[in-house]
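Architecture at a glance
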Amino acid sequence: MRVLLVGAGGVGTAVTRIAAGRDFLTHMVVADYDPARAEAAVAAVEDGGDRFSARRLDASDGEAVQRVLREERCDVLLNATDPRFVMPLFDAALAAGAHYVDMAMSLSAPHPTDPYGQCGVKLGDEQFARSEAWEHAGRLALVGMGVEPGLSDVFARYAADELFDEIEEIGVRDGSNLTVEGHDFAPSFSIWTTIEECLNPPVVYEKDRGWFTTAPFSEPEVFDFPDGIGPVECVNVEHEEVLLIPRWVGARRVTFKYGLGDDFIAKLKTLHELGLDSTAKVTVPGPDGPVAVSPRDVVAACLPDPATLGARMKGKTCAGTWVKGTKDGAAREVYLYHVVDNEWSMREYGSQAVVWQTAVNPVIALELIASGTWKGTGVLGPEALPPRPFLDLLTAYESPWGMREGR
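Residues numbered from 1 in each chain as written. Predicted model: local features only at pLDDT ≥ 70, side-chain atom pairs only at ≥ 80, totals over all residues. Heavy atoms only, no water.

**Digging into the nonpolar core**
Leu4, Met28, Leu77, Tyr100, Leu142, Ile170 and Trp374 are the most contacted members of the largest nonpolar core, which has 116 residues in total. In terms of residue count, the dominant contributor to this core is helix 13 (residues 353-371) (11 residues). If we skip the residues at most four places from it in the chain, Leu77 touches Leu4, Val6, Val65, Leu69, Leu89, Ala93, His99, Tyr100 and Val101. Among the nonpolar cores identified, the runner-up in size contains 10 residues, and Phe223, Cys318, Trp322 and Val339 belong to it. (Core = buried A, V, L, I, M, F, W, Y, C linked by side-chain atoms within 4.5 Å. Buried < 20%, exposed > 50% of the residue type's maximum accessible area, 1.4 Å probe, protein only. Helix = DSSP H or I, 4+ residues; strand = E, 2+ residues; numbered from the N terminus. Contact = heavy atoms within 4.5 Å.)

**Focus on the side chain of Ser399**
Tracing the chain through its elements places Ser399 in the loop between helix 14 (387-396) and strand 20 (402-405). At 2.6 Å, the side chain of Ser399 forms a polar contact with the side chain of His338. (Polar contact = N/O pair within 3.5 Å; in protein donor to acceptor, adjacent residues only side chain to side chain.)

**A closer look at the pairing of strand 18 (residues 330-341)**
Bridge count for strand 17 (residues 316-327) against strand 18 is 12 bridges, and the pairing is antiparallel. Following the sheet pairing, Trp322 is matched in strand 18 by Tyr335. Hairpin connection, strand 17 to strand 18: the antiparallel pair is bridged by two residues, and Asp328 has positive phi, about 55°. Inspection of the sheet shows strand 18 paired to strand 20 by four bridges, in the antiparallel sense. (Pairing = 2+ DSSP bridges.)

**Observations regarding the pairing of strand 10 (residues 210-213)**
Where strand 9 (residues 203-206) meets strand 10, four bridges bridge the pair, whose relative direction is antiparallel. Bridging from a neighbouring strand, Glu206 pairs with Gly210 of strand 10. Following strand 9, the chain reverses through three residues before pairing antiparallel with strand 10.

**Remarks on the packing of aromatic side chains**
Counted under the stated rule, the structure contains 16 aromatic pairs. Grouped by ring-pair contacts, the aromatic residues Phe223, Phe225, Tyr335 and Tyr337 constitute a single cluster. The ring centre of Phe212 lies 3.6 Å from the NZ or CZ of Arg209, which sits over that ring. Over the ring of Trp322 we find Arg407; its NZ or CZ atom is 4.6 Å from the centre of that ring. (Phe/Tyr/Trp six-rings, centres within 6.5 Å; stacked < 30°, edge-to-face > 60°. Lys NZ or Arg CZ within 6 Å of the ring centre and 35° of its normal.)

**Description of the packing of helix 8 (residues 191-199) against helix 10 (residues 262-273)**
One way to put it is that helix 8 packs onto helix 10 with a least axis distance of 11 Å and a crossing angle of 90°. By the angle class used here, helix 8 and helix 10 are roughly perpendicular. Contact residues: helix 8 offers Thr194, Ile195, Cys198 and Leu199, while helix 10 offers Phe264, Leu268, Leu271 and His272. The class makeup of the residues in the contact of helix 8 with helix 10 is six nonpolar, two polar and no charged. (Axes fitted to C-alpha atoms, helices over the stretch in contact; angles between N-to-C directions. Parallel < 35°, antiparallel > 145°, perpendicular 65-115°, else oblique. Nonpolar A, V, L, I, M, F, W, Y, C, P; charged D, E, K, R; others polar.)

**Section: helix 9 (residues 240-248)**
Counting buried positions along helix 9 yields seven of nine residues, so the element is predominantly enclosed. Residues of helix 9 that are buried include every one of Glu240, Glu241, Val242, Leu243, Leu244, Ile245 and Pro246, and no others. Elements that come into contact with the buried residues of helix 9 comprise helix 5 (125-128), helix 7 (151-163), strand 7 (166-176), strand 9, strand 10 and strand 13 (253-258).

**Observations regarding the environment of Ser190**
Assignment of secondary structure puts Ser190 in the loop between strand 8 (179-180) and helix 8. When its relative accessible area of 26% is taken as the criterion, Ser190 is described as partly exposed. Sequence separation of Ser190 and Asp392 is 202 residues, and the distance between their C-alpha atoms is 29 Å.

**So, the pattern of salt bridges**
Counted according to the given criterion, the structure contains 25 salt bridges. For Arg332, the salt bridge goes to Glu405, with nearest N and O atoms at 2.4 Å. Residue Arg332 is found in strand 18, and its partner Glu405 is found in strand 20; the two are separated by 73 residues along the sequence. For Arg388, the salt bridge goes to Asp392, with nearest N and O atoms at 3.5 Å. A residue pair is termed a helical-turn pair when its members lie 3 or 4 positions apart in one helix, as Arg388 and Asp392 do in helix 14 at four residues. Of the residues examined, Asp392 reaches a relative accessible area of 42% and is grouped as partly exposed. Here the salt bridges share partners, and the residues they tie into one network are Glu169, Arg173, Glu206, Glu219, Glu221, Arg253, Lys257 and Arg407. (Salt bridge = Lys/Arg side-chain N within 4 Å of Asp/Glu carboxyl O.)

Rendered as structure tokens:
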């Protein structure tokens, strides 16, 4: 399989290190707007041989993306950029006749008059509106294929297929005990994406009501995470699973809650109150005259790059899916989870835990697509495909998943 990887940040670099150890990959073109980042990601691959190459590429330039896909004879485009670039890359892959994999979905927009009650444009709406075109082209667009969304959706499908007869609720729950030495505020993932998902109205699904929204950080609950992480307060956050899981898995209710912590939430609220979460450009003085900049991009530029934090991070991160329902007439609850210890991911791959956990899942998906184990056409989420081969490969990648009975 020949892959065009767009985005050579922390997740993209982790992708190259993970994929280098797998035989399914024939060649990976690592592309980034900053050619130095693409070259560094390629240089970081040990024993990569001639299977990796670097190119400069503007993810917003659809024609340039199509040209690289054709010149490099790529079978699939793997999007490791932030969600702003989902649609240009998604459309370029279709136009070039390639398959497409991303780790998020197209952006949402709040309801104009009732943002905390009704959905406006939902995550993924733009992509699902184009599904028929992908079907006619005989190509697969696999969306939301990171860890959350991604592995969490695989867990939901596995629970429906093998663990439950009826499902009352599916709740994705994410928490960690990660700390970063020397920083009071250092998000372990892209602050651009973190702001987007945490400050937008969270979406909840109920079978009798459909999709609806609530206020940010609503419905706090304490969830006890495994492997020594322990109890963490989690709150509602907008996330793709709530928009994906109900399309293929029957459940009366689907939620996503994230363990953020009071201090993190307070800082996000302050950014919002100051308008620093905005993506609309403002004009500021510059040495050569006025400059138009996005406040959110300024915030991102002022914070440490998550990819550089690994050496200062300690602890574990847990992604998982809690499922409540019945099996053989008896009530049942399980938590399916995946834990990554930062010490292990740094030692084995030189990548911090959160970005490594995100990166491993699209690589597994690519391997399943390359082998023909996962196949389909149109726009599909991970829960549309058989879960067992994915979970077996995750274990083969030396990062096993777990299951806990009860909450």
